[in-house]
Amino acid sequence: MLVVVTGGAASGKSELAERIICRLAQGKPMLYVAAMETEGEEAQRRIARHRALRAGKGFTTLEHAKRFDRLAVPPGYAAALFECMSNALANELFSSEGAGKNWKQSIVAGIQTLSTACEHVVIVTNDIFTDGVTYDPCTMAYLHHLGELNQLFARQADAVVESVCGIPVMRKGAMV
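Residues numbered from 1 in each chain as written. Predicted model: local features only at pLDDT ≥ 70, side-chain atom pairs only at ≥ 80, totals over all residues. Heavy atoms only, no water.

Draft legend 1. Region of the structure containing the packing of helix α3 (residues 85–94) against helix α5 (residues 137–156). Following both chains from N to C, one finds α3 and α5 inclined at 130°, their axes separated by 10 Å at the closest point. Put simply, α3 runs oblique to α5. α5 is crossed by α3, and the crossing has right-handed handedness. Along the contact surface, α3 presents Met 85, Ser 86, Leu 89, Ala 90, Leu 93 and Phe 94, while α5 presents Cys 138, Tyr 142, His 145, Leu 146, Leu 149, Asn 150 and Phe 153. Considered class by class, the residues forming the contact of α3 with α5 number ten nonpolar, three polar and no charged. (Axes fitted to C-alpha atoms, helices over the stretch in contact; angles between N-to-C directions. Helix = DSSP H or I, 4+ residues; strand = E, 2+ residues; numbered from the N terminus. Parallel < 35°, antiparallel > 145°, perpendicular 65-115°, else oblique. Left-handed = near helix turned anticlockwise from the far one by under 90°. Contact = heavy atoms within 4.5 Å. Nonpolar A, V, L, I, M, F, W, Y, C, P; charged D, E, K, R; others polar.)

The structure is reproduced here in structure tokens:
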């Protein structure tokens, strides 16, 4: 099963995604694919917060921030949580070690690898499109690309759920 969880900043989407993947895995081994770069004070705070939220839930964390076309999934995992699409895209586009112009192929290949290796995959992504602001061309291109990825995976997904103030709102499929 492929599930996409979306929402705005601090909307509760990560916690919701963890609840969903834990329910789907039914006690079987779970992989947490962390796509956030680990550099910087703010990144370290966010990583610590997410690790605390995951503590005791049975996740094995795989830090993989870019070049998802090279993602190697260790055997034996029933479910994977991919956190998150917006970080993965930024890393592929803007990191000198990222996929650059091949960003889409790299990310799609990574999600395909997860889907082949695991029975269940939950993708966390961001809804950052409704502020009504026109940004510089580089940022607008990033937003366009993220929207493209979100639409692609939402079409493929069995379920799409939005976290609104911590409340899950089903957009596609049944409650998972």
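Draft legend 2. Highlighting the sheet that holds strand β3 (residues 59–63). Within the open sheet, the seven strands sit side by side as β3-β2-β4-β5-β1-β6-β7. Their pairing is mixed. A single partner strand is all that each edge strand has here, and the edge strands are β3 and β7 (167–172). Looking at each pair of strands side by side, their axes are set apart by 20° on average, direction ignored. Across five bridges, strand β2 (residues 30–34) lies against β3 in parallel orientation. When the sheet's bridge partners are listed, Val 33 is paired in β3 with Leu 62. (Pairing = 2+ DSSP bridges.)

Draft legend 3. Representation of unusual backbone geometry. Along the chain, Glu 83 connects to Cys 84 via a cis peptide bond; the corresponding omega equals -10°. Tracing the chain through its elements places Cys 84 in the loop between β4 (79–83) and α3. Here Ala 10, not a glycine, exhibits a phi torsion of approximately 55°, which is positive.

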